[in-house]
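The residues making up each chain are set out below.
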Amino acid sequence: MVEKGIARLRKILQTSDVPGSDSLRLTLTLTLAHVLLHGVPDNQWTPLAHHSNASDTLTKRGRNTPTLKKYETVFYPCNKVEEALLSLLISQALLYKEGCVSLHSEENTEYELTRKRCHALLNMLVSLLAKFSQYRPLADTIEKFLKFSHSDEHICKQFGLALISAQQYARGAAALEKCHSGDIPISLVLAKVYIRHLQRYQDAIDLCAECLAALTPATQFMKSRILL
């Protein structure tokens, strides 16, 4: 069933653009990436079929039926990771366009939907790119979304952590300083950066003191780590 669903998603995504299809295409690319990353083992991934015949079209063609896209040179993913990354990059381009539009929209629900899609995309990108230590491209990607969602704490935290992983400690610390309040694990990461890379020892001590004061019965297990 999963293979049939992936084949259907691929078929739809290969069709040419029609008016108003960007939102649908964004949903499909995010869905395809999610299924590939979380529902398909590496040894069960099926390569895309190569369309060498220019007459390949949808079986039923009506007046408003889209046709398969045709290009002189086409990139075919060689494995599951490449196809998932390609889907996420397409989603990124569509989502950035949608975000710029919804930012100026009076409909709050539209912007909220864009924000949730942005979170889903970034979570998959983080899990995929971090596996291959591609932190600089990840930070660059997240930075683009900050242009229309600069107040989003989740995106801000992802940006700061990506910068720190890319060894851009000063920028990463500056990003986390805006969103670490109330988040003890993020505060501890920030304190570690202060001590090991920025020599801001007093700031680190003050931050750890804040974490100790913010402990609750549910987070008492972190006390020893904070004291270290």
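No experiment lies behind these values; they were computed from the predicted model shown. (Residues numbered from 1 in each chain as written. Predicted model: local features only at pLDDT ≥ 70, side-chain atom pairs only at ≥ 80, totals over all residues. Heavy atoms only, no water.)

**Observations regarding the packing of helix α6 (residues 153-165) against helix α8 (residues 184-198)**
Between two packed helices, what matters for the description is the angle formed by their axes and the separation of those axes. Worth spelling out the cut-off: Each axis is a line fitted through C-alpha atoms, taken for helices only over the stretch in contact, and angles between the N-to-C directions span 0 to 180 degrees. The helix count covers DSSP runs of H or I at least four residues long, the strand count covers runs of E at least two residues long, and both are numbered beginning at the N terminus. Handedness of each helix crossing follows the sense of rotation of the near helix against the far helix: counterclockwise by less than a right angle gives left-handed, clockwise gives right-handed. Contacts were defined at the residue level, with two residues in contact if any of their heavy atoms lie within 4.5 Å. Three classes are used, and their members are as follows: Ala, Val, Leu, Ile, Met, Phe, Trp, Tyr, Cys and Pro are nonpolar, Asp, Glu, Lys and Arg are charged, and the others, Gly among them, are polar.
Closest axis-to-axis distance for the α6/α8 pair is 12 Å, and the angle between their directions is 30 degrees. By crossing handedness, the relation of α6 to α8 is classed as left-handed. Mapping the contact onto sequence places Lys157, Leu161 and Ile164 in α6 and Ile186, Val189 and Val193 in α8. Counted by class, the contact of α6 with α8 contains 5 nonpolar, no polar and 1 charged residues.

**Re the pattern of salt bridges**
Cut-off, in case you're wondering: Here, a salt bridge means any Lys or Arg side-chain nitrogen found within 4 Å of an Asp or Glu carboxyl oxygen. Three labels apply to residues, based on accessible area from a 1.4 Å probe with only protein chains included: buried if under 20% of the type maximum, exposed if over 50%, partly exposed otherwise in between.
In total, this model carries 9 salt bridges according to the counting rule given. Across the salt bridge formed by arginine 200 and aspartate 203, the nearest N and O atoms sit 2.8 Å from each other. Arginine 200 sits in the partly exposed class, given a relative accessible area of 31%. In this structure aspartate 203 comes out as partly exposed when scored by relative accessible area, which is 33%. By sharing partners, the salt bridges in this structure join Glu112, Arg115 and Asp152 into a single network.

**Observations regarding helix α2 (residues 22-39)**
Where we set the bar: Expected helix span is taken as 1.5 Å per residue step, with the number of steps being one fewer than the number of residues.
Taking 1.5 Å per residue, 18 residues should reach 26 Å; α2 reaches 25 Å between its end C-alpha atoms and fits that length. Within α2 the residues assigned to the buried category are Arg25, Leu26, Leu28, Thr29, Leu30, Leu32, Ala33, Leu36 and Leu37.

**Here we look at the confidence of the model for the protein chain**
Put simply, the rule reads: On a range of 0 to 100, pLDDT expresses the predictor's confidence in each residue.
Residue-level pLDDT values for the protein chain average 83, and 82% of them are 70 or greater. Looking over the protein chain, one finds the lowest element-wise mean pLDDT in helix α3 (residues 80-103), namely 84, and the highest in helix α7 (residues 169-176), namely 95. Considering only residues more than four positions removed or in separate chains, one finds that residues 53-68, a stretch of pLDDT under 50, has 23 contacts.

**Structural notes on the environment of glutamate 112**
For the record, the criterion: Identification of polar contacts relies on pairs of N or O atoms within 3.5 Å, with a donor-acceptor requirement for protein atoms, meaning one able to donate a hydrogen and the other able to accept it, and with residues adjacent in sequence counted only if both atoms are side-chain atoms.
Here glutamate 112 lies in helix α4 (residues 108-131). Among the polar contacts listed, one links the side chain of glutamate 112 to the side chain of arginine 115, at a separation of 2.6 Å.

**Describing unusual backbone geometry**
The residue glutamine 167 is not glycine, and still its phi comes out positive at about 65 degrees. Tracing the backbone shows glutamine 167 in the loop between α6 and α7. Positive phi, normally seen in glycine, also occurs at glutamine 199, with a value near 55 degrees. Position of glutamine 199 relative to the elements: it lies in the loop between α8 and α9 (201-213). For glutamine 199, a relative accessible area of 47% corresponds to the partly exposed category.

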